[in-house]
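The chain contents come next:
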Amino acid sequence: QVQLVESGGGLVQSGGSLRLSCLASGSIFRINSMGWYRQAPGKSRELVAAITRSNSTNYADSVKGRFTISRDNAKNTVNLQMNSLKPEDTAVYYCNADILGLTLIQRDYWGQGTQVTVSS
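Residues numbered from 1 in each chain as written. Predicted model: local features only at pLDDT ≥ 70, side-chain atom pairs only at ≥ 80, totals over all residues. Heavy atoms only, no water.

A. Representation of the overall build of the chain in the model. Across its full length, the chain carries 0 helices and 11 strands. In the chain, the succession of α and β elements from N to C terminus is β-β-β-β-β-β-β-β-β-β-β. Seen along its three principal axes, the alpha-carbon backbone of the chain occupies a region of about 45 × 25 × 20 Å. Within the chain, buried positions represent 42% of all 120 residues. Relative to all contacts within the chain whose residues are 6 or more apart in sequence, the contacts with residues 24 or more apart total 55%. Here the chain displays about 6,300 Å² of accessible surface, and carbon together with sulfur accounts for 47% of that area. (Helix = DSSP H or I, 4+ residues; strand = E, 2+ residues; numbered from the N terminus. Buried < 20%, exposed > 50% of the residue type's maximum accessible area, 1.4 Å probe, protein only. Contact = heavy atoms within 4.5 Å. Areas by Shrake-Rupley, 256 points an atom, 1.4 Å probe, with all protein chains shown as cover.)

This is the structure we're talking about:
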């Protein structure tokens with residue numbers, strides 16, 4: 001079994017910063033891509049940032065220059081540093097990972113989500 005556990009969400013004022021972390025644990029052979037998605041009330045879930053195992057990154061246009069994704073392959077973690085936060089960044093943020101398990105079955109996994117609220 002594989003689990004993704006996020007941490008680091010909270011309430012911050014506009015212009016502030018937060019750092020989200022996600023730890024993958026369990027029967028993991030290899031973690032391929034990892035990423036962060038978010039879902040605001042009444043909206044669809046959207047990609048925020050993604051990172052490959054070789055550290056190639058991809059960002060949503062709305063967060064480019066403000067958010068930075070990073071990962072530690074040895075620790076099975078992915079982080080999202082969020083700076084210059086805006087009220088429109090308010091959402092539940094979900095960690096995602098494409099994982100090859102010890103049974104050699106590859107699939108997507110999701111964390112439970114962490115709330116980020118940016119006040120104006």
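B. How the structure looks around the packing of aromatic side chains. By the definition in use, this model includes 1 aromatic pair. Over the ring of Trp-110 we find Arg-45; its NZ or CZ atom is 4.7 Å from the centre of that ring. (Phe/Tyr/Trp six-rings, centres within 6.5 Å; stacked < 30°, edge-to-face > 60°. Lys NZ or Arg CZ within 6 Å of the ring centre and 35° of its normal.)

C. Representation of the nonpolar core. Trp-36, Leu-80, Met-82, Tyr-93 and Ile-99 are the most contacted members of the largest nonpolar core, which totals 32 residues. Every element with two or more residues in this core is listed here: strand 1 (2-7), strand 3 (18-26), strand 4 (28-39), strand 5 (46-51), strand 7 (67-72), strand 8 (77-82), strand 9 (91-101) and strand 11 (114-119). The dominant element in this core, judged by the number of residues it contributes, is strand 9, at 5 residues. (Core = buried A, V, L, I, M, F, W, Y, C linked by side-chain atoms within 4.5 Å.)

D. Inspection of the sheet that holds strand 7 at higher detail. One open sheet accounts for 4 strands, arranged 1-3-8-7; its pairing is antiparallel. Taken across any chain shown, the strands that pair with only one partner, and hence form the sheet edges, are strand 1 and strand 7. In this sheet, adjacent strand axes meet at a mean angle of 15° when their direction is disregarded. Note: strand 7 against strand 8, 6 bridges, orientation antiparallel. Residue pairing for strand 8: Ser-70 is matched across the bridge by Asn-79. (Pairing = 2+ DSSP bridges. Axes fitted to C-alpha atoms, helices over the stretch in contact; angles between N-to-C directions.)

E. Here's a closer look at the environment of Glu-46. Relative to the elements of secondary structure, Glu-46 occurs in strand 5. Excluding residues that lie within four positions of it along the chain, Glu-46 makes contacts with Trp-36, Tyr-37 and Arg-38. A distance of 2.7 Å separates a polar atom in the side chain of Glu-46 from a polar atom in the side chain of Arg-38. (Polar contact = N/O pair within 3.5 Å; in protein donor to acceptor, adjacent residues only side chain to side chain.)

All we've got here are geometric facts, nothing functional implied.
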